[in-house]
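In case you want the letters, here they are:
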Amino acid sequence: MVTALLSLTRTGSGEPLLLLHGFGSSRRDYTAVRELLAERYDVLDVDLPGVGRSSALTERPTIAAITDAVELTLDAQGVAGVHVLGNSLGARVALELAVRGRARSVVAIAPSGLNVPQERAVQGIGMALARLGMRTVAPLIDPLSRSAVGRAALLGPLKARPWATSEEEAVGAREGFADSRDYWRTLLWGLMLDVPRGLDRIDCPVTLAQGVADWVSSGQTVRYLPMVPGSRFRPLLWAGHAPQSDRPRTIVGLVEKTARRAAAPSLLSVEVPAAEASA
């Protein structure tokens, strides 16, 4: 049973839009797009369990349990259906919200969950080394985050243009990797052992996106296309695994375009996902 609400910041006005960060980061990872999105949406930017100011779950942090915590938080905020922008683990949770009927539309950037066993092993080793490395250099992260060179060193594996990131995003990496209070359990239950189910029940517009310079999740994202009805795929040029600061205006445009599809659902039956992927 979920016992604690997730910490969040809420800004802007309009239709509700939920931001879900990836594994190894915090809500700070959306710094580059949050204000742009708040010009049009009521933006709820949350820290997932065990990260930032959110308490860790008492139960196993499976995708189902993490999604339960997100739903409880939405209920406490008086939000029913919500547009969702998620990255990596957050994108996987976004799709789970869609399975449960809580999402009006979803932009899922590099969602986890469909990697094969060999890829999971590589991912697990990589994430374990990232945790150990970040904890080792944790006292240096704040000073490194104040320079473009330092941010490039910290965020190079996640961004195509790490030198152009903000100090907030670098601090988010510290919160997600070094300071996470439930890192190993989330890595095991939320990523390594997760197997998506029920994706065929999704009935809201879904845009799947992935940076072409994403080495973390490779070609995993396109595997969702045949499993999510009416979904579309958008490759992001000059973008990495967490491309919010690589292509901020492109991502904002994807959110707006996908949300418009929710307002005109008849379009889902006349547009072909393959055409979107080749655009």
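Remember, predicted model here, so these are calculated numbers, not experimental data.

**A word on the sheet that holds strand β2 (residues 15–20)**
Stage number 1. The 7 strands lie next to each other as β1-β3-β2-β4-β5-β6-β7, forming an open sheet whose pairing is mixed. Across the chains shown, the open sheet's two edge strands, defined by having one partner strand only, are β1 (8–12) and β7 (232–236). For this sheet, the mean inter-axis angle between neighbouring strands, taken without regard to orientation, is 20°.
Stage number 2. Looking at chain direction, β2 and strand β3 (residues 41–46) are connected through 6 bridges and run parallel. Each bridged residue has a counterpart across the sheet, and for L19 the counterpart in β3 is D45.
Stage number 3. Those strands touched by helix α2 (residues 63–76) are β1, β2, β3 and β4 (82–87), and its axis lies near 150° from that of β2.

**What to know about empty space enclosed by the protein**
Rolled over the atoms, a probe sized like a water molecule indicates the empty space that remains.
Stage number 1. Within this structure, the stated rule accounts for 5 cavities of 30 Å³ or more.
Stage number 2. Reported here for the largest cavity is a volume of approximately 110 Å³.
Stage number 3. Along the lines of polarity and charge, the residues of the lining of the largest cavity split into 9 nonpolar, 8 polar and 1 charged.

**Notes on the nonpolar core**
Stage number 1. Counting residues in hydrophobic clusters, the biggest one holds 53 residues, and the most contacted among them are L18, L20, V70, V84, V106, I202 and V206.
Stage number 2. No other element matches the 8 residues that helix α3 (residues 89–99) contributes to this core.
Stage number 3. Discounting chain neighbours no more than four positions away, the residues touching V206 are L95, V106, V228, G230, S231, R232, T258 and R261.
Stage number 4. Core analysis: the second largest hydrophobic core is formed by 20 residues, L19, Y30, Y41 and V107 among them.

**A closer look at the side chain of S231**
Stage number 1. Among the secondary structure elements, S231 is positioned in the loop between β6 (206–211) and β7.
Stage number 2. A distance of 3.2 Å separates the side chain of S231 from the backbone oxygen of L225, its partner in a polar contact.

**Regarding unusual backbone geometry**
Stage number 1. A positive phi angle, close to 60°, is found at S88, a residue other than glycine.
Stage number 2. In this fold, S88 is placed in the loop between β4 and α3.
Stage number 3. Among the residues examined, S88 registers a relative accessible area of 5% and is labelled buried.
Stage number 4. Of note, A110 is a non-glycine position whose phi angle comes to about 50°, a positive value.
Stage number 5. As for its placement among the helices and strands, A110 is situated in the loop between β5 (103–109) and α4 (117–136).

**So, a nonpolar patch on the surface**
Stage number 1. On the surface, I125, L129, L132 and W184 cluster together into a nonpolar patch covering about 440 Å² of accessible area.
Stage number 2. Residue placement: L132 occurs in helix α4.

What counts, and at which threshold
Residues numbered from 1 in each chain as written. Predicted model: local features only at pLDDT ≥ 70, side-chain atom pairs only at ≥ 80, totals over all residues. Heavy atoms only, no water. Pairing = 2+ DSSP bridges. Helix = DSSP H or I, 4+ residues; strand = E, 2+ residues; numbered from the N terminus. Axes fitted to C-alpha atoms, helices over the stretch in contact; angles between N-to-C directions. Contact = heavy atoms within 4.5 Å. 1 Å grid on protein atoms, 1.4 Å probe; cavity = no way out; pocket = protein on both sides within 12 Å on 5 of 7 lines; lining within 4 Å. Points joined across faces, edges and corners; volume = space filled by probe spheres on them. Nonpolar A, V, L, I, M, F, W, Y, C, P; charged D, E, K, R; others polar. Core = buried A, V, L, I, M, F, W, Y, C linked by side-chain atoms within 4.5 Å. Buried < 20%, exposed > 50% of the residue type's maximum accessible area, 1.4 Å probe, protein only. Polar contact = N/O pair within 3.5 Å; in protein donor to acceptor, adjacent residues only side chain to side chain. Patch = residues over 30% accessible without salt bridge, like charges linked within 9 Å, V, L, I, M, F, W, Y side chains within 5 Å. Areas by Shrake-Rupley, 256 points an atom, 1.4 Å probe, with all protein chains shown as cover. Salt bridge = Lys/Arg side-chain N within 4 Å of Asp/Glu carboxyl O.

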